[in-house]
Amino acid sequence: MNTVYMVGAGPGDPELITVKGQRIVNEADIIIYAGSLVNKAIIAGHKPDAEIFNSASMTLDDVIAVIKRGTDEGKKIARVHTGDPSIYGAIREQMDRLDALGIPFDVIPGVSSFVASAAALKKEFTLPDVSQTVILTRLEGRTPVPEKEKLESLAAHQASMAIFLSVQMIDDVVGRLMKHYKPTTPIAVIQRATWEDQKIVMGTLETIAQKVKDEKITKTAQILVGDFLGDEYSLSKLYDPSFTHEYRQGI
């Protein structure tokens, strides 16, 4: 039985899929991809006779049925997700169903939109004496969030934060963050990071909501917040001439 591959397609730029992920997609007999989010250029190199399915209009049962039929026929299958499939990818429910059916699978990681957004801003999440922690979270919507993970509770750490799937509730996001972050804390909203129509809005907690509304950003955007977006930080010990480590003697 052929293995099913859960492939992370990256954030949008077709060159940001891994070499392995692209190879699997190009070799697959069946491709099931998240058509509303995955750049179609990612699957453009598919085999001429490959079957292509857009999961945007499919249910979990539909997806599993296609995979089951394909594996029964001995076909190679690529299940292509946006970004990295382990982050808001809804792959656990698929993998559990495949386990129950005795269908082998592998996961190929991808570049997540939160790191793509940091790259677009040319910023580093983990700056000495600023933040050494990155929190990935979202605001509750149709999918609930555990009480202990409410945004205002996580904001108490004042760490670097990446907020997914929440830009349509920007006023609520800002209100909860301001319970612990200073009003002047820098914040950025990056819509469709790495796509040709990428849009970046920078501001502070005091100004960002109106800027986002002015730019009519309502979906497909990352919210990054924290002092890592500022310009004050300490230099790394790694390259400090006085710092000794395994490969260099300090002076």
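Position labels on residues start from 1 in each chain and follow its written sequence. Local features in this predicted model are restricted to residues whose pLDDT is 70 or higher, and side-chain atom pairs enter the listing and the counts only when it is 80 or higher, whereas totals over whole chains, interfaces and linings include all residues. Neither water nor hydrogens contribute to the side-chain values; these are computed over all heavy atoms in the structure.

Brief notes about the sheet that holds strand β5 (residues 105-108)
Using the following cut-off: Any two strands are treated as partners once DSSP identifies two or more bridges connecting them. Counting from the N terminus, the helices are the DSSP runs of H or I reaching at least four residues and the strands are the DSSP runs of E reaching at least two. Between N-to-C directions, angles span 0 to 180 degrees; the directions come from axes that are lines fitted to C-alpha atoms, helices contributing only their stretch in contact.
In space, the five strands of this open sheet follow the order β3-β2-β4-β1-β5, with parallel pairing throughout. One side of each edge strand has no neighbouring strand; the edge strands of this open sheet are β3 (51-54) and β5. Here the strands of the sheet are splayed against their neighbours by 15 degrees on average, with no regard to which way each runs. Sheet topology note: the strand β1 (residues 4-8)/strand β4 (residues 77-81) ladder contains five bridges and is parallel.

Describing the sheet that holds strand β8 (residues 186-191)
Taken in spatial order, the five strands of this open sheet run β6-β7-β10-β8-β9, and their pairing is mixed. Pairing within the sheet leaves two strands with one partner each, and these edge strands are β6 (134-138) and β9 (199-204). Here the average twist between neighbouring strands, direction ignored, is 20 degrees. In this sheet, strand β10 (residues 221-225) lies alongside β8 in antiparallel orientation, the contact comprising five bridges. Bridged to Ile-190 within β10 is Gln-222.

Observations regarding the packing of helix α2 (residues 60-72) against helix α3 (residues 92-101)
The cut-off we apply is this: Every angle not falling under 35 degrees, over 145, or within 65 to 115 is termed oblique; those three ranges are roughly parallel, roughly antiparallel and roughly perpendicular. Crossing handedness follows the turn of the near helix against the far one: under a right angle anticlockwise gives a left-handed crossing, and clockwise gives a right-handed one. The contact criterion used is simple: two residues touch if any of their non-hydrogen atoms lie within 4.5 Å.
Where α2 contacts α3, the axes come no closer than 11 Å and their chain directions differ by 45 degrees. Taken together, α2 and α3 sit at an angle that is classed as oblique. For α2 against α3, the interelement crossing comes out right-handed. Counted together, Leu-60, Asp-61, Val-63, Ile-64, Ile-67 and Lys-68 of α2 and Glu-93, Gln-94, Arg-97, Leu-98 and Leu-101 of α3 form the full contact between these two elements.

Section: the UniProt feature "domain: Tetrapyrrole methylase" (unreviewed entry) in the protein
Put simply, the rule is: UniProt positions are given in the numbering used here, feature names are shortened, and annotations may be inferred rather than shown by experiment.
UniProt feature "domain: Tetrapyrrole methylase" (unreviewed entry): in the numbering of this structure it lies at residues 3-208. Annotation note: span residues 3-208, helix share 27%, strand share 21%, distance between end C-alpha atoms 46 Å.

Structural notes on the pairing of β10
To keep it simple, the criterion reads: Each residue is assigned to one of three classes by its accessible area relative to the maximum for its type, calculated with a 1.4 Å probe on protein chains only: buried under 20%, partly exposed between the two thresholds, exposed over 50%.
Within β10, five of the five residues are buried, which leaves it mostly tucked inside the rest of the structure. Residues Ala-221, Ile-223 and Val-225 line one face of β10 and the alternating positions Gln-222 and Leu-224 line the opposite face, and both faces are buried. Bridge analysis of strand β7 (residues 160-164) against β10 gives three bridges, and the strand direction is antiparallel. Each residue of the ladder has a partner; that of Ile-163, found in β10, is Ile-223.

Observations concerning the domain arrangement of the protein
Using the following cut-off: Boundaries between domains were set according to an automatic or database domain assignment. The buried area of a pairing is the accessible area, by a 1.4 Å probe, that goes missing from both parts when the two are put together, added over both. Definition used for salt bridges: Asp or Glu carboxyl oxygen within 4 Å of a side-chain nitrogen of Lys or Arg. Definition of a polar contact: a pair of N or O atoms within 3.5 Å, with one able to donate and the other able to accept a hydrogen when the atoms are protein atoms, and with sequence-neighbouring residues admitted only if both atoms are side-chain atoms.
Under the domain assignment, the protein is made up of domain 1 (4-108) and domain 2 (113-229). Taken over C-alpha atoms, the centre of domain 1 sits 29 Å from the centre of domain 2. Contacts between the two partners involve nine residues from domain 1, matched on the other side by twelve residues from domain 2. Of the roughly 760 Å² buried at the junction of domain 1 and domain 2 (both faces included), carbon and sulfur atoms supply 72%. Ranking the residues of domain 1 by area buried against domain 2 places Pro-11, Ile-87 and Tyr-88 at the top, with a combined share of 64%. Here domain 1 is connected to domain 2 by zero salt bridges. Counting across the domain 1 and domain 2 interface gives two residue pairs in polar contact (both at pLDDT 80 or more).

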